[in-house]
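As a plain string of letters, each chain reads:
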Amino acid sequence: MPATFTRHPVEIERKDTGIGGKPPLDRRPTGGGGDGDNWDNRPSGRRGPRELLSRYRLGVIFALAGDLMFFVALVSAFFVRQSAGHFDARENYVSDWHPLAVPPILWINTAILLLSSITAEMARRQLFREIDVMEEWLGLGRPAVKRAAPWLIATVVLGSLFLVGQWIAWDQLVVAGFRFDSPDPSSHFFYLITGTHGLHLVLGILGLVGALIGLFTLRRIELRQIVVDCTAWYWHTMGVFWIFLFALLVLFQ
Amino acid sequence: MMKRIFTTSHRVIGAHYLQLSLTAVAVGTLLSLLMRIHRVWPDTPLPFYGILKPEDYLALVTMHGTLMIFFVLTTAPQSGFANLVLPAQIGARQMAFPRLNAAAFWLAVAAFVILISAFFVPQGAPISGWTSYPPFSAIAAAGPGQGAGMDLWLVSIGVFCLSSWLSSVNMLATILTERCPGMTWTRLPMTVWAWLVTSILTLLVFSVLLAAIVLLYSDRHFGSSFFVPLGDIVNGHIVGRGDGSPLLWLHLFWFFGHPEVYIAVLPGMGLATSLFANFTRRNVPGYRTMAAMLVLIGLLGLAVWGHHMFVSGMNPYAGTAFALTTMAIAVPSTVEVLGWLTLLSYGGLRLKTPMLFALGFLSFFIAGGLTGPILAQPALDSYLHNTFFVVAHFHLVMAMAGVFSIFAGVYYWFPLLTGRLMNETLGKVHFWISLIAAYGTFFPMHLTGLAGEPRHYERLSGPIASFSAILPAERGITYSALLLAAAQLLFLWNFISSARRGQRAESNPWQATTLEWAPEGFAVRVEHGPYDYSVPSGEAKFIPQWEAASKQE
């Protein structure tokens, strides 16, 4: 091809879209301030006003994925142990697994935990209401904080109630003769599963209290959003974990 | 001073991780030398200690394995190098969560201190191996070291699990959110792909190990019976009270333990790819395939754990399934090796020390990898499993390949740490002695293993005369191991003297293309692939990733 017909790459970029008029904004070779900062060609990472938030969310999601594997391991151990047994003197296959009737208070606890997840979500949503966020941006008071704080406190109270309820359930089991060191594997699993899940909730309550403190002390609205948002997602996940663990303890004994 | 120690700077943390690994590898090597000496001269008293008792030998085995697996092969390639260069390679100024990262490092240090303290408690270190199979590990009376020593082991590894968990959360978030503009998935250096896969594996499998440790700890202290079988008798007392299943521990442990092998070796594979491209001045052939194979190895690695359990009483049908998945993993590994061989077959190799160590890595990966499909056969494994053949296999494919890739990384990235180059002559001498001595140490173990030499036996002499024929080979292995350890003194000397008065390095001493070698304060916008070597245009014949696109025309 003769040199006169060679088109510069920019010309190719600029070619007619077929509908007349200017090419779309992001295709204009001279648009966007010219410093390469026009949000195009950016598949890498996430950028923008919510970059920090999405980074922290991602961290929480990864951490919870690892945590999920922890509980998956416990649950698979539950099933393996349940099917384990031995042959007695008469060649019968016997197992030492005796189904455990869970204390009825667990149903109330479950309801409380679900309720706390709703309050946590209410608290989280307060921080993303556009008008309130704008007011906080402009320094016209902190309406989002005022709205979110009661919901967070409610979540802390409900979460603590759940833990108290779990403690009562343990007490009832001990009275009924199921201690951790009793020879029954189903009671080992009951204590272990409720115990490790409870430990996660203790951490969650500490996180909620931390978020509450952060709500009043953090200066930047993004950071206030992050602490409440991440804690709320953690809390929701623990609620979902509990539903599965509770179903396991009730239905698969 | 405090600021320097409790820093959140990823590069300093990376250097600290490497120091931790160096300490661990020094202790671990010392333990292995004691083992080798004891196998050849079992009745010679050691200075400051006296005669090594059989349980002491098992304690050495346990602590050697634990130190090397967790604190060397997991820590150095994954946490050490990734902290050192990963943010730079993706054009990030810092990690996604610097404080989390620092916390992970200090947890790792705590885990190390707790583990080492097991030597100094009454009855000493645990003796049930780095795999800690119950019921041996579940009952304090089962042997010396199984009381306080075993508890410390469990706590240490539990803390290490938390550390790895935090560290991998940080790595993943960093790789996903902190890449600079233009750093697309196909422009990532292969090391970043490897760290991505190992971080996912770490996240998924260390949690399972933590759960297993919680269960075992509960068996030891809270009267549960997850792992102790019914009627288990220790010292004449019945200790098994329920239908616990030792196999359950094996499943949980190896679900962690096998991916752990890939956590140890995948960063080395990524680094080898980068080094082969750099020192042959060629673009990596089939970049997308190579990256996909790294991911595939990681995924398949999650489904092969049963091949450690062929002789454990697992259902034989399960054994067949695991044999199939294990052989399947040979496919992506072979693709990787063929990719490297293609790259090398172009010729024009620049045999600098980092390249030599990368070639050493490849050599061990092939030599050790070839015995993998053999051991993946349940029928063959039932003979070989408890022999030194397995010791030879994993020391070549994981330990030596892993360590050689660590050396390659240290020689390669040394200028980033100190601004100087390591001495080439000393480096080459170090390489050749290490290579020959490493093969001299581990290759004969295949033969002694085929001859039936069992693992975990404190001595071969005694009433059994049938092993007398392999005693000369044993002596050869020990001499070779001593030589291998001595060669590392050369490395230490080189490291220290080069750090002080080595040759000053230029800003990009290896003419590399990846971003960790970019000049300071460069406004990064990536327009090129990670391995643009041998480009026909331009004088330098390679295009670094930090170079602007316009120069390409």
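Just so we're clear, the structure is a prediction, and the values are computed from it rather than from any experiment. Counting from 1, residues in each chain are numbered in the order their sequence is written. As a convention, the first chain written is A and the first ligand written is 1, with the rest following in written order. Per-residue local features are limited, in this predicted model, to residues with pLDDT of at least 70; the limit for side-chain atom pairs, both in listing and counting, is 80 or more; totals at the level of whole chains, interfaces and linings are taken over all residues.

S.K.: Mind laying out the overall build of chain B, listing which residues take part and the relevant values?
M.R.: When helices and strands are tallied, chain B shows 15 helices and two strands. Here the C-alpha coordinates of chain B stretch approximately 80 × 55 × 50 Å along the principal axes. Every C-beta atom is placed from the backbone, and the number of other C-beta atoms within 10 Å of a residue's own sets its class: buried at 20 or more, exposed at 12 or fewer, partly exposed in between. For chain B, the proportion of its 553 residues judged to be buried stands at 54%. Contacts spanning at least 24 positions in sequence make up 81% of the contacts within chain B whose residues lie at least 6 apart. A run of H or I in DSSP counts as a helix once it spans at least four residues, and a run of E counts as a strand once it spans at least two, with each numbered from the N terminus. Once C-beta atoms have been placed from the backbone, residue pairs whose C-beta atoms lie within 7 Å are recorded as contacts.

S.K.: A description of the overall build of chain A should follow, citing residues and the corresponding values.
M.R.: Within chain A, the secondary structure is distributed over seven helices and two strands. When the helices and strands of chain A are read in sequence order from the N terminus, they spell out α-α-β-β-α-α-α-α-α. Within chain A, the fraction of its 253 residues that count as buried is 32%. In chain A, once contacts between residues fewer than 6 apart in sequence are set aside, the share between residues at least 24 apart is 73%.

S.K.: With reference to specific residues and values, describe the interface of chain B and chain A.
M.R.: Contacts between chain B and chain A engage 37 residues on the former and 34 residues on the latter. Of all the secondary structure elements, the ones that give two or more residues to the side of chain B that touches chain A are helix H5 (148-177), helix H6 (190-221) and helix H7 (246-280) of chain B. Counting residues per element, the side of chain B that touches chain A draws most heavily on H6 of chain B, at nine residues. Residue polarity is assigned by list, with Asp, Glu, Lys and Arg as charged and Ala, Val, Leu, Ile, Met, Phe, Trp, Tyr, Cys and Pro as nonpolar; anything else, Gly included, falls into the polar class. For the side of chain B that touches chain A, the class distribution of residues is 22 nonpolar, 10 polar and five charged.

S.K.: Tell me what's going on with unusual backbone geometry, and back it up with residues and numbers.
M.R.: All names here are of chain B. Note the cis peptide between Pro134 and Pro135, where omega equals 0°. Secondary-structure assignment places Pro135 in the loop between helix H4 (98-117) and H5. Its identity as a non-glycine residue notwithstanding, Ser132 has a phi of 45°, on the positive side. Inspection of the secondary structure puts Ser132 in the loop between H4 and H5. The class for Ser132 is buried, based on 23 C-beta atoms found within 10 Å. Of note in the backbone geometry, Gln511 takes a positive phi value of approximately 50° without being a glycine. Position of Gln511 among the secondary structure elements: in the segment after helix H15 (471-501).

S.K.: Describe the environment of Leu204 of chain B, listing the residues and the values that go with them.
M.R.: All names here are of chain B. In this fold, Leu204 is placed in helix H6. Given 20 C-beta atoms within 10 Å, Leu204 falls into the buried group. Here the alpha-carbon distance between Leu204 and Ser168, two residues 36 residues apart in the chain, equals 9.8 Å.

S.K.: Describe helix H3 (residues 105-126) of chain A, with residues and values.
M.R.: Between its first and last C-alpha atoms H3 of chain A spans 32 Å; for 22 residues at 1.5 Å apiece the expected length is 32 Å, and the two agree. Those residues of H3 of chain A lying buried are Leu106, Asn109, Leu113, Ser116, Ser117, Thr119, Ala120, Ala123, Arg124 and Gln126 of chain A. A helix is expected to span 1.5 Å multiplied by its residue count minus one.

S.K.: Give a description of the packing of H5 of chain B against H6 of chain B that names residues and reports values.
M.R.: All names here are of chain B. Note on definitions: angles span 0 to 180 degrees between N-to-C directions of axes, and those axes are lines fitted to C-alpha atoms, for helices only across the stretch in contact. Taken N-terminus to C-terminus, the directions of H5 and H6 make an angle of 150°; their axes are 8 Å apart at the nearest point. Here H5 lies roughly antiparallel to H6, going by the angle between them. Between H5 and H6 the crossing geometry is left-handed. Across the contact of H5 with H6, the residue classes tally to 19 nonpolar, six polar and no charged. When describing relative orientation, an angle under 35 degrees is termed roughly parallel and one over 145 degrees roughly antiparallel, while 65 to 115 degrees is termed roughly perpendicular and anything else oblique. Here a crossing is taken to be left-handed if its near helix is turned anticlockwise relative to the far helix by less than a right angle, and right-handed if that turn runs clockwise.

S.K.: How would you sum up the environment of Pro415 of chain B? Please name residues and give values.
M.R.: As for its position among the elements, Pro415 of chain B is in helix H13 (residues 388-418). What Pro415 of chain B contacts, discounting residues up to four positions off in sequence, is Arg420, Leu421, Ala505 and Pro509 of chain B.

S.K.: So what's going on with the confidence of the model for chain A? Which residues, and what values?
M.R.: This prediction gives chain A a mean pLDDT of 83; 81% of its residues lie at or above 70. Confidence scores per residue from the predictor, reported as pLDDT, run from 0 to 100. Contacts for the low-pLDDT stretch residues 28-46 of chain A, under 50 throughout, to residues beyond four places or in other chains number 29 contacts.

S.K.: Describe in detail the packing of helix H14 (residues 424-450) of chain B against H15 of chain B, supporting the description with residues and values.
M.R.: Residue and element names in this part refer to chain B. Contact geometry for H14 and H15: axes closest at 8 Å, N-to-C directions at 155°. One finds that H14 runs roughly antiparallel with respect to H15. The chirality of how H14 crosses H15 is left-handed. For the contact of H14 with H15, the residue count by class is 16 nonpolar, nine polar and no charged.

S.K.: So what about H13 of chain B? Which residues, and what values?
M.R.: Residues and elements named next belong to chain B. The bend at a residue is defined as the angle formed between two axes, one fitted to the seven residues ending at that residue and one fitted to the seven starting there. Approximately 45° is the largest bend angle found in H13, and it occurs at Tyr412, with the proline Pro415 only one to four residues beyond. Most of H13 is tucked away, with 25 of its 31 residues classed as buried. Once H13 ends, the next one or two residues include Gly419, with phi positive near 75°.

S.K.: Account for the environment of Thr325 of chain B, naming residues and giving values.
M.R.: Residues and elements named next belong to chain B. Along the chain, the position of Thr325 falls in helix H9 (residues 316-345). Assessed through the 17 C-beta atoms surrounding it within 10 Å, Thr325 is described here as partly exposed. The spatial distance from the C-alpha of Thr325 to the C-alpha of Gly301 is 8.7 Å, given a sequence separation of 24 residues. With residues near it in sequence (within four places) discarded, Thr325 still touches Leu300, Ala303 and Val304.

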